[in-house]
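Descriptive analysis of the structure
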Amino acid sequence: MKIEVRVSHDGDTKYASLICKKIQESAKIRGTGISKKDPEYIKSKITHGNAVIAFFNGKIAGFSYLDFYQKKEFVVNSGLIVFPEFRKQGLAKNLKIEIFKLSRRKFPNSKIFSITTSHPVIKINTKLGFKPVTFSELPQSEDFWKGCKSCANFDILKKNKRKMCLCTGLLFKPSSKKENEKMKKKNIDLLDYGDKIVLAYSGGLDTSYCLKYLIKKGYEVHTVIINTGGFQKNELKDIQDRALNLGAKSHKTINAIEEYYQNCIKYLIFGNILKNNTYPLSASSERIFQAIQIAKYSNNIKAKAIAHGSTGAGNDQIRFDIAFQIICPEKITISPIRDLKISRKEEIEYLRNNGIYTCWDKAKYSINKGIWGTSICGNETLTSYEELPEKAYTKKLSKKGSEKLELEFKKGELIGVNRKKEDVIKNIVKIEKIASQFAIGRGMHIGDTILGIKGRVAFEASAAMIIIKAHHLLEKHILTKWQLYWKEQLSNWYGMLLHEAQYLDPVMRNIETFLSSTQERLTGTVEVILSPYRFHLVGIKSKFDLMNSKMAQYGEMNNAWTADDVKGFTKILSNQMKIYHKITKSKEEK
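Every value quoted in this text rests on a predicted model; they were computed, and no experiment measured them. (Residues numbered from 1 in each chain as written. Predicted model: local features only at pLDDT ≥ 70, side-chain atom pairs only at ≥ 80, totals over all residues. Heavy atoms only, no water.)

**Comments concerning the sheet that holds strand 18 (residues 442–448)**
Across the sheet, four strands lie side by side as 13-14-19-18; this open sheet has antiparallel pairing. Whereas interior strands pair on both sides, the edge strands pair on one side only; in this sheet they are strand 13 (366–370) and strand 18. Neighbour to neighbour, the strand axes of the sheet diverge by 25 degrees on average, direction disregarded. Bridge count between strand 18 and strand 19 (residues 454–460): seven bridges; the pairing is antiparallel. Along strand 19, the bridge assignment pairs Gly447 with Gly455. (Pairing = 2+ DSSP bridges. Helix = DSSP H or I, 4+ residues; strand = E, 2+ residues; numbered from the N terminus. Axes fitted to C-alpha atoms, helices over the stretch in contact; angles between N-to-C directions.)

**Thoughts on the side chain of Glu432**
With respect to the helices and strands, Glu432 occurs in helix 15 (residues 424–435). Within polar-contact distance, the side chain of Glu432 engages the backbone nitrogen of Ala463 at 3.1 Å. When residues no more than four places from it in sequence are discounted, the contact partners of Glu432 are Lys395, Ala461, Ser462 and Ala463. (Polar contact = N/O pair within 3.5 Å; in protein donor to acceptor, adjacent residues only side chain to side chain. Contact = heavy atoms within 4.5 Å.)

**Some words on the nonpolar core**
Within the largest apolar cluster, 74 residues are counted, with the highest numbers of intra-cluster contacts made by Trp372, Leu407 and Ile467. What Leu407 contacts, discounting residues up to four positions off in sequence, is Leu414, Gly416, Ile431, Ile466, Ile467, Ala470, Gly524, Thr525, Val526 and Val528. (Core = buried A, V, L, I, M, F, W, Y, C linked by side-chain atoms within 4.5 Å. Buried < 20%, exposed > 50% of the residue type's maximum accessible area, 1.4 Å probe, protein only.)

**Focus on empty space enclosed by the protein**
Considering all chains together, one arrives at two cavities of 30 Å³ or more under this definition. Within this model, the largest cavity holds a volume of roughly 50 Å³. Lining the largest cavity, in full, are Lys395, Glu432, Ser436, Ala439, Ile440, Arg442, Glu460, Ala461 and Ser462. A class-by-class count of the residues in the lining of the largest cavity yields three nonpolar, two polar and four charged. (1 Å grid on protein atoms, 1.4 Å probe; cavity = no way out; pocket = protein on both sides within 12 Å on 5 of 7 lines; lining within 4 Å. Points joined across faces, edges and corners; volume = space filled by probe spheres on them. Nonpolar A, V, L, I, M, F, W, Y, C, P; charged D, E, K, R; others polar.)

Shown next, in the form of structure tokens:
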């Protein structure tokens, strides 16, 4: 079985007489509806591409057309007919959707209307966004109403002075002209009604606005959330319920924690990476993996577009857009808040106007949770001097005194905590649970955004900070001076490129290869002392510890060189400096 519904062209005029005949027969059987259509009129609609035709296994099976009135203020979707032998195949719905798409595409600023006695057609129109209206809201053009003369119920219409009849009037009002102008040059104008969109959905204000807005626009929206370690099962369930209650066609939760660790966190640890020596890239490192998974999912469900809730002032919009352009370049990327320049206040008002009364305005802080830390933004982070209040942090101080913590590494990876070996991800979670009771890992980061402006963000990342610092201490004992030096150079670049959405550049794989090669001997344990709001590193134990050499002890005795060796060494080491100062002195004396 093959169903095709397409826009008409010149070659379809041969069907005009048959279409008129079928319309007349249908009206006679139903006892209502406009029965007489002029074949020449239908031909003109077909020729100008103002009609859609349905085919079932190659045979014409249905038809509908559009016309306009009152200087194109109104467009009518009319003449819907499915030939009797092809009914109950879903053709009526397909025809209605396609003629509606055609009307929206050709007349984006016009009101679209329909009058019908058919309950199935009323139901289809309602789903498309039509609202029942009185006849006074329909066009008053004589050209339109004279078309009703062939209907068996025309006397009823005439008796009621065209104010009511057996038909129900249905009207679709397009978005405001101002909004259409805003969207005119955006990707969203390339979409048709009913097109499938994947929306990156977190359950917050921005993505909830996007979901409702896109549904109201008539698109089929499928939401997806990528879990990179920041959610509990009940939280993910709440987000799913919220998406479906708002009208999402489906919702998908994708667990990407393992991929996130293997392809990113591991290298952040290997490189001891802290942005500007402060921030462990908690949120910025997650985005690329979320974007990759979203792109793959959109391919799987054959979506035409991907949407995200980024504003036009942050880094995430760049990270999402770049990933989508590389992984699924054929997809349309849309971001309603960025494209329309919608404010938070306008988002809340829009949702309330659509019956959604969640207390968005009570959420003063934007919080992003992940396995590698939590970022927090609020009014204080928009300033250069205000401190984040205690209530803004998600983890509170609940433990006093001090506590020992032992971390065990093997080839750079965290394989054990407090002498118990487990999976690395479980170890990260365990450290976070223990250390967050001391409110460790809080900080305020100020840095340069991809867009060239400065940005300030608060964070809490106890596990990330402890692991990175412990790992770095182990490296200082095991690696050589030049390994440490070049690691630091490349690690800084890796963190910066990751932050600035360059993860998919092949140079990142090159740096990862280098970082991995430095971890071959990075095995040992590190002891840490935890206290309220801080921690300190005690020391390490490792069979690869370069301090274990019997050659010498710093500041004490040595067994590998003599006093004369040192004198000769310093003489040669200072040669270039002595030459420089000798020449400089001679020039000054002249």
